[in-house]
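Observations on the model geometry
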Amino acid sequence: MGYRGPLPKNAVVRFNTCVGSLRTSPRWGGLVRRHLTQVTYTGRRSGRTFSTPVGYRRTGDVVTIGVMLPEAKKWWRNFTGDGGPLSLELDDAERTGHAVARRDEKGRVTVTVRLDGDA
């Protein structure tokens, strides 16, 4: 049983800002970008565009994102069922793809992104 409450907004904003700074850092950026990317998507209900940093693994044109604390985060719910479009910053370029979120029997959430076309 994991954390079930909302995350404090100030802490989340501060953390995301630090991660963004590390990703663009001349010294640490290359290392950090191999494991963290920026996801941008449009909310299903609000129609607003959101961006958030996430950890990922990539194999060819498939990117796998493990959602930590899924009960406290809501962004992945935009990709349940048939999924939806999103974009990722990979290899210093914006890549688009189709994401589908799945929850396993233990409650873990994985978002699988199939990238569109060539980089």
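So, how was this worked out
- Residues numbered from 1 in each chain as written.
- Predicted model: local features only at pLDDT ≥ 70, side-chain atom pairs only at ≥ 80, totals over all residues.
- Heavy atoms only, no water.
- Pairing = 2+ DSSP bridges.
- Helix = DSSP H or I, 4+ residues; strand = E, 2+ residues; numbered from the N terminus.
- Axes fitted to C-alpha atoms, helices over the stretch in contact; angles between N-to-C directions.
- Phe/Tyr/Trp six-rings, centres within 6.5 Å; stacked < 30°, edge-to-face > 60°.
- Buried < 20%, exposed > 50% of the residue type's maximum accessible area, 1.4 Å probe, protein only.
- pLDDT = per-residue confidence, 0-100.
- Core = buried A, V, L, I, M, F, W, Y, C linked by side-chain atoms within 4.5 Å.
- Contact = heavy atoms within 4.5 Å.

**Structural notes on the sheet that holds strand β5 (residues 84–90)**
Strand order in the open sheet formed by seven strands is β2-β1-β5-β6-β7-β4-β3, and the pairing between neighbours is antiparallel. The open sheet is flanked by β2 (49–55) and β3 (57–59), the only strands paired with a single partner. The sheet shows a mean angle of 30° between the axes of neighbouring strands, direction not considered. Across seven bridges, the pairing between strand β6 (residues 93–103) and strand β7 (residues 109–115) is antiparallel. Pairing of Ala101 across the sheet is with Val111, part of β7.

**With respect to the packing of aromatic side chains**
Within the structure shown, the criterion is met by four aromatic pairs. Their ring planes at 75° and their centres at 5.7 Å tell us that Tyr41 and Phe79 sit as a pair that is edge-to-face. You can see Tyr41 sitting in strand β1 (residues 36–42) and its partner Phe79 sitting in the loop between β4 (62–67) and β5, a full 38 residues away along the chain. Looking at Tyr41, the relative accessible area reads 8%, which means it is buried. The buried category is assigned to Phe79, whose relative accessible area is 1%. Between Trp75 and Phe79, the aromatic rings sit 6.2 Å apart at their centres with planes inclined by 70°, giving edge-to-face as the arrangement.

**What about the confidence of the model for the chain?**
Confidence in the prediction for the chain averages 84 pLDDT; 78% of positions are at 70 or higher. Here helix α2 (residues 29–33) stands out as the element of the chain with the lowest mean pLDDT, 63, in contrast to β7, whose mean of 97 is the highest.

**Quick word on the nonpolar core**
In this structure, Val63, Ile65, Trp75, Leu86, Leu88, Val111 and Val113 are the most contacted members of the largest nonpolar core, which totals 19 residues. When residues of this core are traced back to their parent elements, those giving at least two are β1, β4, β5, β6 and β7. Considering every element that reaches this core, the biggest residue donor is β7, with four residues. Among residues more than four places away in sequence, those in contact with Val113 are Asp61, Val62, Val63, Ile65, Leu86, Leu88, Gly97, His98 and Ala99.

**Quick look at the pairing of β5**
The element β5 is largely enclosed, with a buried count of five among its seven residues. Relative to β5, β1 is paired through two bridges, and the arrangement is antiparallel. Of the residues in β5, the one forming a bridge with Thr40 is Ser87. Where β5 meets β6, seven bridges bridge the pair, whose relative direction is antiparallel. Looking across to β6, one finds that Leu88 is bridged to Arg95.

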